[in-house]
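Residues per chain are reported as follows:
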Amino acid sequence: MDNIRKKDLLWMYRVMKTSRCFEERMEKEYLEGKQPIFNIGSGPVPGEMHLSNGQEPAAAGMIVHLTKNDTVTATHRPHHEAIAKGVDLNKMTAEIYGKKTGLSKGKGGHMHLFDPKVKFSCGGIVGAGIPHAVGAALANKKRNTNWVAVAFIGEGAANTGAFHESLNLAALWKLPFIVVVEDNSWAISVAKENSTSVPFNCTRAKAYDINGYYVKNNDPVEMYKVSKEAVERARNDEGPSIIEIKTDRYLGHFQGDPELYRNKKEVPSLIKKDPISKLRKRLIKANYVTIEELDTVDSLIIKEVNTAYEFAKHSKYPEPAEALEDVFC
Ligand SMILES: Cc1ncc(C[n+]2csc(CCOP(=O)(O)OP(=O)(O)O)c2C)c(N)n1
């Protein structure tokens, strides 16, 4: 299929499917203790929950080109990137449940997943991951490595000062830095056309004299191709890039969002062109794999996800006496 290695396509399918499976389960688990009246502070997973169902191609198509030496920063909607970057699923799930066995001993939660082993981080401040990734790219360059740093952001974050300041320095210093803008059309309830002066954020690359790429139709294969070029350029000291992908957010901004701002017909029409189902069909049609083989992959993923949830649920909470350990205060 388009001269892309079968191994890479299967990797992308597995990663996207794992993220979807993980989040579909989270969608249900998150509601525990929040019904019949939705109270965001109750249940075993208190606080906001931002799911990325529909946005998986952005993460898979880029991260397939990265190694554990490359840095990824993500946002308040981080699960698809964390899974693609190879963050330990058991520890990530435990972190979301606030358990001692979590990535940050349960003190970070779903928006603050940190895994230095695979150089992954994320955070709830919109735009904040961009300068963090530029800092990592600067360190990579100063150390004479060919490692790259990639910041994943939403299209809303492309209007922050951090985005523009970061791109200016990354371009000036020709850093191995890439920003992936996941345009899911919405920043909470604000449509892109009501917040952004240009239809495509990738055209903003011109302002910094760097490369800009656009991926339409939430297509993981196109994302793969464009990302391959941007990563190769970064590794070869040819400077930073902006990649914008048109993607789709199937769920609310956060779980519990009444979504009064969008037409009820929008989501069903998006799900009809789901990228995971499409990739599955393409893989089978290209004779890369049989239906039975993909069914086996799917059942292994379900098992892996179930194991992670069991691990998280059966892990212990930190002791109250540990509340002030490992935190700045
Ligand atoms: C600096 C900052 N301002 C405002 C917020 C509140 N906030 C959280 S998510 C969000 C919208 C982000 O939209 P976008 O960047 O498009 O990402 P998406 O939620 O669509 O993934 C806002 C305004 C915040 N967390 N940080």
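Quick caveat: nothing in here was measured; it's all calculated off a predicted structure. Starting from 1, residues in each chain are numbered consecutively following that chain's sequence as written. With the structure being a predicted model, the display of local features is reserved for residues of pLDDT at least 70 and the display and counting of side-chain atom pairs for 80 or more, all residues being used for whole-chain, interface and lining totals. Just so you know, side-chain values use all the structure's heavy atoms and leave hydrogens and water out.

*Asks:* Just give me the short version of the overall build of the chain, but keep the residues and values in it.
*Replies:* Assigned secondary structure in the chain consists of 10 helices and eight strands. C-alpha atoms define the radius of gyration in this analysis, and the globule rule sets the expected value at 2.2 Å times the number of residues to the power 0.38. The C-alpha atoms of the chain give a radius of gyration of 19 Å, which matches the 20 Å a tight globule of 329 residues would have. The dimensions of the chain, computed from C-alpha atoms along their principal axes, are 55 × 50 × 40 Å. The buried share of the chain, reckoned over its 329 residues, is 51%. By definition in these notes, contact holds between two residues if any of their heavy atoms fall within 4.5 Å. Summarising the internal contacts of the chain: among those between residues at least 6 apart in sequence, 74% fall at separations of at least 24. Only the protein chains shown count as cover for residues, with accessible areas throughout obtained via the Shrake-Rupley method and a probe of 1.4 Å. For the chain, the accessible surface area stands at approximately 15400 Å², while carbon and sulfur atoms represent 56% of it. The charged-residue count follows a simple rule in which Lys and Arg add positive charge and Asp and Glu add negative charge, with His and chain termini not counted at all. To locate a charge, the coordinates of NZ of Lys, CZ of Arg, CG of Asp or CD of Glu are taken. Between the averaged position of the 46 positive side-chain charges in the chain and that of its 42 negative side-chain charges there is a distance of 2 Å. Starting at the N terminus, helices and strands are each numbered in turn, a helix being any DSSP run of H or I of at least four residues and a strand any DSSP run of E of at least two. Classification of residues uses two cut-offs on accessible area relative to the type maximum, computed with a 1.4 Å probe and protein chains only: under 20% is buried, over 50% is exposed, and between them is partly exposed.

*Asks:* I'd love a proper account of a nonpolar patch on the surface, names of residues and values included.
*Replies:* A cluster of nonpolar side chains, Leu169, Leu172 and Trp173, forms an exposed patch at the surface whose accessible area comes to about 300 Å². If you trace the backbone, leucine 172 turns up in helix 6 (residues 161-172). Among the residues examined, leucine 172 registers a relative accessible area of 61% and is labelled exposed. Residues with no salt bridge and a relative accessible area higher than 30% make up the patches, which join like charges within 9 Å and nonpolar side chains (Val, Leu, Ile, Met, Phe, Trp, Tyr) within 5 Å. Note on definitions: salt bridges are taken to be side-chain nitrogens of Lys or Arg within 4 Å of carboxyl oxygens of Asp or Glu.

*Asks:* Before we move on, can you summarise the pattern of salt bridges with the specific residues and values?
*Replies:* The final tally for this structure, using the stated rule, is 21 salt bridges. For aspartate 8, the salt bridge is made with arginine 5, and the minimal N-O distance between the two is 3.3 Å. The closest approach of N and O atoms between glutamate 56 and arginine 20, which form a salt bridge, is 2.7 Å. Taken together, the residues span a long stretch of sequence, with glutamate 56 in helix 2 (residues 56-63) and arginine 20 in helix 1 (residues 6-29) at a distance of 36 residues. When sorted by exposure, glutamate 56 lands in the same class as arginine 20, which is buried. If you follow the salt bridges from partner to partner, you end up with Arg25, Glu29, Glu310 and Lys313 in one network.

*Asks:* Kindly report on the site of the ligand, identifying the contributing residues and their values.
*Replies:* As a structural note, the neighbourhood of the ligand is formed by 14 residues, with His76, Arg77, Gly124, Gly156 and Trp186 the closest of them. Identification of polar contacts relies on pairs of N or O atoms within 3.5 Å, with a donor-acceptor requirement for protein atoms, meaning one able to donate a hydrogen and the other able to accept it, and with residues adjacent in sequence counted only if both atoms are side-chain atoms. Separating a nitrogen atom of the ligand from a backbone N or O atom of glycine 124 is a distance of 2.8 Å. Glutamate 155 places a side-chain nitrogen or oxygen 3.3 Å from an oxygen atom of the ligand. Burial of the ligand by the surrounding chains reaches 69%, relative to a free accessible area of 580 Å². A breakdown of the residues in the shell around the ligand according to their chemical character gives six nonpolar, six polar and two charged. Neighbouring residues are identified by heavy atoms, a residue being near a molecule or strand if any of them is within 4 Å of it. Here the nonpolar group is Ala, Val, Leu, Ile, Met, Phe, Trp, Tyr, Cys and Pro; Asp, Glu, Lys and Arg are the charged ones; every other residue, Gly included, is treated as polar.

*Asks:* Explain helix 5 (residues 129-142) residue by residue, including any values.
*Replies:* Helical geometry: 3.6 residues make up each α-helical turn, so side chains three or four residues apart lie on a common side. Over its 14 residues, helix 5 runs 20 Å from end to end, which matches the ideal 20 Å to within 8%, given 1.5 Å per residue. Listing the buried residues of helix 5 in full gives Gly129, Ile130, Ala133, Val134, Ala136, Ala137 and Asn140. The arc that holds every buried residue of helix 5, seen down its axis, measures 160 degrees, which confines them to one face. Exposed and facing more than 90 degrees away from the buried side of helix 5 are His132 and Lys142. Those residues of helix 5 that are buried are in contact with strand 1 (71-74), strand 3 (149-154), helix 6 and strand 4 (177-183). Looking one or two residues beyond helix 5, the residue adopting positive phi is asparagine 144, at roughly 60 degrees. The length a helix should cover is 1.5 Å for every residue beyond the first. As used here, the arc belongs to the directions running from the helix axis to the C-beta atoms.

*Asks:* Give a detailed account of the nonpolar core, specifying residues and quantitative values.
*Replies:* To form a nonpolar core, buried Ala, Val, Leu, Ile, Met, Phe, Trp, Tyr and Cys residues must be joined to one another through side-chain atoms within 4.5 Å. Core analysis: the biggest nonpolar cluster contains 68 residues, and Met62 and Met92 have the highest contact counts within it. The element contributing the most residues to this core is helix 1, with eight residues. Discounting chain neighbours no more than four positions away, the residues touching methionine 62 are Val150, Phe152, Ile178, Val180, Met223, Ser227, Val231 and Ile243.

*Asks:* A description of the side chain of asparagine 184 should follow, citing residues and the corresponding values.
*Replies:* Following the sequence through the fold, asparagine 184 ends up in the loop between strand 4 and strand 5 (186-187). If near-sequence neighbours (up to four positions away) are discounted, asparagine 184 is found in contact with Gln55, Arg77, Glu155, Lys246, Thr247, Asp248 and Arg249.

*Asks:* Requested: an account of the packing of aromatic side chains, with residues and values cited.
*Replies:* Paired rings are identified among Phe, Tyr and Trp, the last through its six-membered ring, by centres lying within 6.5 Å, and are further divided according to the angle between planes into stacked (under 30 degrees), edge-to-face (over 60) and tilted (the rest). The full count for this structure, using the stated rule, is five aromatic pairs. For the pair tyrosine 30 and phenylalanine 38, a centre-to-centre distance of 6.4 Å together with 50 degrees between the ring planes defines the contact as tilted. Pairing tyrosine 97 with tyrosine 309 gives two aromatic rings, centres 6.3 Å apart and planes at 90 degrees, and the pair type is edge-to-face. Placement of the pair is tyrosine 97 in the loop between helix 4 (89-96) and strand 2 (120-122) and tyrosine 309 in helix 10 (residues 291-314), with a sequence separation of 212 residues. The two residues tyrosine 97 and tyrosine 309 agree in class, both being buried. Put simply, the rings of Phe22, Tyr97 and Tyr309 pair up and form one aromatic cluster.

Interpretation in functional terms is not warranted from these geometric data alone.
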